[in-house]
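Close look at the chain arrangement
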Protein chains: 2
Amino acid sequence: MTTPSSLRSFVEVAADSHFPIQNLPYGVFRPRGAEAPRVGVAIGELILDLAVLEREGLLHVPRSHGETLFDRPSLNAWMALGREAWVAVRRQLTHLLDRDEPTLRDDAALRREALVPRAECEMLLPVEIADFTDFYSSREHATNVGAMLRSPENPLMPNWLWVPIAYHGRASSVVVGGTDLPRPCGQLMADGAAAPTFAPSRAVDFELEVGYFIGPGNRLGEPIAVDRAAEHVFGLVLVNDWSARDIQKWEYVPLGPFLAKSFGTSISPWVVTLEALEPFRVSGPPQDPPPLAYLQSPGYDSYDIHLEVSLQTSTAGAAERICASNFRGLYWSLAQQIAHHTSNGCNLRTGDLLASGTISGSTPAALGCLLELTRGGKQPLKLADGSERRFLEDGDRVTMTGWCQADGYRVGFGEVTGRILPARPIRPAV
Amino acid sequence: MTTPSSLRSFVEVAADSHFPIQNLPYGVFRPRGAEAPRVGVAIGELILDLAVLEREGLLHVPRSHGETLFDRPSLNAWMALGREAWVAVRRQLTHLLDRDEPTLRDDAALRREALVPRAECEMLLPVEIADFTDFYSSREHATNVGAMLRSPENPLMPNWLWVPIAYHGRASSVVVGGTDLPRPCGQLMADGAAAPTFAPSRAVDFELEVGYFIGPGNRLGEPIAVDRAAEHVFGLVLVNDWSARDIQKWEYVPLGPFLAKSFGTSISPWVVTLEALEPFRVSGPPQDPPPLAYLQSPGYDSYDIHLEVSLQTSTAGAAERICASNFRGLYWSLAQQIAHHTSNGCNLRTGDLLASGTISGSTPAALGCLLELTRGGKQPLKLADGSERRFLEDGDRVTMTGWCQADGYRVGFGEVTGRILPARPIRPAV
């Protein structure tokens, strides 16, 4: 169910707000002073508290069997219900927020309780994350990295155009945007050295990604067909997959990245639903060679999501945009990723986070990590305040944002932000 | 707290039983007919139902704050309490089961309720698994695989003797022993072919591993020092890390194994505690070069655990032992694995499963997977019934077992078993 672009809410929403009535993303928040986190949707500068609406009997949720869904610290129970419930509640929320609907608009006491200023709320990790899988689905990113680390003449691995390459990530260290992270320590092996050292990473990077949450899963041994995959997707978030390139370089052969990534992964607090993104569905890039049958779908879809990264150093007065990319260029679609992931019978579960991998475009300004922006640290990025960056320095804040632009409104993701703090002192081991 | 070898229970326990009073491993079981799974410990051919003892007020658990711990479908709440509670309850259980202690022995009604035959119970996955990490800590295994896939002259990667190599595994598809698994399908790339095909794997393998569960975790950003690591380990299980070698070969560069492993990982249902294993602590193998400081501990420990794999084909009359190995040869210790895993600040959580990787020894009979036993399928394994195996065929059952041998009793793991079923038909994608 998409929401007509003509619709307006009685809640004031600026034209460049990410959260008009056409969006209604889900998050978990704690109102200042209140103890228990609960589920809400963002509308303009406010949050609509769904636990209040649920308690007041204003929501009728198919398949809920009378269970409380929104007076909870995560979206998991809600996500597990599936699309029928999601669409029904979206319709009710759209109606309740409509400028012509008096139920909420004209009940001052209810409004005061159910609509709280975002600025007064703490946003929490919205989902109890089950497994985290990170794909590697941007052809431009895989090509750039392959050219640097392998061969400029033959940068793409032979499997890349056939296999939606992915690896298992670390679920425990996924944090909500706003969480600062200490610079990780790890084994670093200098070129030509006889032995590695254990020291703070000197090559901390960000990666611009988009992730999505699985609602209903599948049973072990029962793959999800590519044309049914979208039924399992609840919604999308921005992901910053922080990476320590020097740790990665030394550890990743032959089993892939491990400690280079597991010190923290940041996600944006608002989950934008597939229903809200529907008007921005576009065709993905052409695929040649044609994918194997299990990856072919008649609607090979992507979404037109503009993405930006900005960097604020501890000395600069303002954040500076250092990357502008777009989700639509991603080679492997969400449906293909899901069909591939489950093609061996692997079960997805409610709360699984699947992410795109770094989303780079074909222009120099559209590169989604410092590794690419600085060509492995060889060409420093020059910032407006005169400083330079090869990789992130202590105190640097990275903020990612993204939105879909319609005529007169935006369906946006808000932002995911995080700062790199100095490394903690290395304690003697014994 | 270890239990004296002279101790005996009033429950009859055969000399070769894995579950004497010196063991007392934890599991989650469902008595036949009863609906709710609960926690028990194995003793001989029986299970002691801890939910019953808890209800009857026979257990006094430090730090429990009156919370129910054993009338639950997983060990997680129990594991979260930490060693002080584990040791205290072990002491109480040892006392209650002592042949000279009348409380349980002489109360026929209580015995009938609290001691149930294992043969009448269904064993369930004992832990709600958070993240699953698989190490690669057997030098013999890494050397054999490196010699086959890379170079016989220089088989170990340069990082291997410095870094306890690991990768993130898939938590959702970890199943309890006894679960049969269909042969996975996946992309297979034949040598010299122009394109891969999607078909059932022709190279399904087992991997003999030992895993362990994390009790109390650590906070993000706060590494666990190597000499404190054991405090975080609740207990150990056997792990069969099923692998599809042909899928693995095509997919694993550059991000590591993914679908080759995620179709299923089997663990044994009984978790053997560190307390029970304490009498079998031995020194690990010498480490040269000496590990970096964060991996050095004064007690560099391993355990003397005899391990076996047997194979039962659908045509053979009996299972046949095809591998005998030992845990003690593992190069990287559990403490080193934990210190490394958290050295970048990564947080472990209650319920995390960490596994050793394939445990191979230095003799031909001690190789822990078919890939090594058959040299990549080149030298088929000849079975007693005259048949041969390169990799597993449909209907093959693999059973792993393991135990520590003391004078007059064994502390054992029971077994983990599973059968490979025919692949499910590949459905048309659209």
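Below, the structure is looked at part by part. All values derive from a computational prediction rather than experimental measurement.

Cut-offs applied
- Residues numbered from 1 in each chain as written.
- Chains lettered and ligands numbered in written order.
- Predicted model: local features only at pLDDT ≥ 70, side-chain atom pairs only at ≥ 80, totals over all residues.
- Heavy atoms only, no water.
- Disulfide = S-S within 2.5 Å.
- Buried < 20%, exposed > 50% of the residue type's maximum accessible area, 1.4 Å probe, protein only.
- Helix = DSSP H or I, 4+ residues; strand = E, 2+ residues; numbered from the N terminus.
- Polar contact = N/O pair within 3.5 Å; in protein donor to acceptor, adjacent residues only side chain to side chain.
- Contact = heavy atoms within 4.5 Å.
- Buried area = accessible area lost by both parts, 1.4 Å probe.
- Salt bridge = Lys/Arg side-chain N within 4 Å of Asp/Glu carboxyl O.
- Least-squares fit on C-alpha atoms with pLDDT ≥ 70 in both.
- Core = buried A, V, L, I, M, F, W, Y, C linked by side-chain atoms within 4.5 Å.

A few points about the state of the cysteines
Residue and element names in this part refer to chain B.
- Applying the stated criterion across every chain yields a total of 0 disulfides over all chains.
- With no disulfide of its own, Cys323 has Cys369 as its nearest cysteine by sulfur position, at a separation of 8.8 Å.
- For Cys323, a relative accessible area of 1% puts it in the buried group.

A few points about the side chain of Thr342(A)
All names here are of chain A.
- You can see Thr342 is positioned in helix H9 (residues 334-342).
- Among the polar contacts listed, one links the side chain of Thr342 to the backbone nitrogen of Ile224, at a separation of 2.9 Å.
- Setting aside its immediate chain neighbours within four residues, Thr342 contacts Asn218, Pro223, Ile224 and Leu348.

Brief notes about the interface of chain B and chain A
- At the junction of the two partners, chain B supplies 67 residues and chain A supplies 67 residues.
- The junction of chain B with chain A conceals about 6100 Å² of combined surface from both sides, 62% of it contributed by carbon and sulfur atoms.
- Taken together, chain B and chain A are joined by 4 salt bridges.
- For Arg170(B), the salt bridge goes to Asp352(A), with nearest N and O atoms at 2.6 Å.
- Linking chain B with chain A are 28 residue pairs in polar contact (both at pLDDT 80 or more), by the criterion used here.
- At the level of elements, strand S7 (166-168), strand S9 (181-182), strand S10 (185-188), strand S11 (197-200), helix H7 (245-251) and helix H9 (334-342) of chain B are the ones that each hand at least two residues to the side of chain B that touches chain A.

Structural notes on the relation of the copies chain B and chain A
- You can overlay chain B on chain A at an RMSD of 0.0 Å; the transform is a turn of 180° with a shift of 0.0 Å along its axis. Accordingly, the operation relating the two chain copies is best matched by a two-fold axis. Among all residues of chain B, the one whose C-alpha sits closest to the rotation axis is Gly256(B), at a distance of 2.2 Å.
- Counting the interface residues of chain B, we find that 100% of their copies in chain A are interface residues as well, pointing to one common contact surface.

Some words on the nonpolar core
- Ranked by internal contacts, the top residues of the largest apolar core, which has 166 residues, are Leu236(A) and Leu236(B).
- Discounting residues that sit within four places of it in the chain, Leu236(A) has contacts with Val210(A), Gly211(A), Tyr212(A), Trp270(A), Val271(A), Val272(A), Leu274(A), Leu277(A), Ile305(A), Leu334(A) and Phe413(A).

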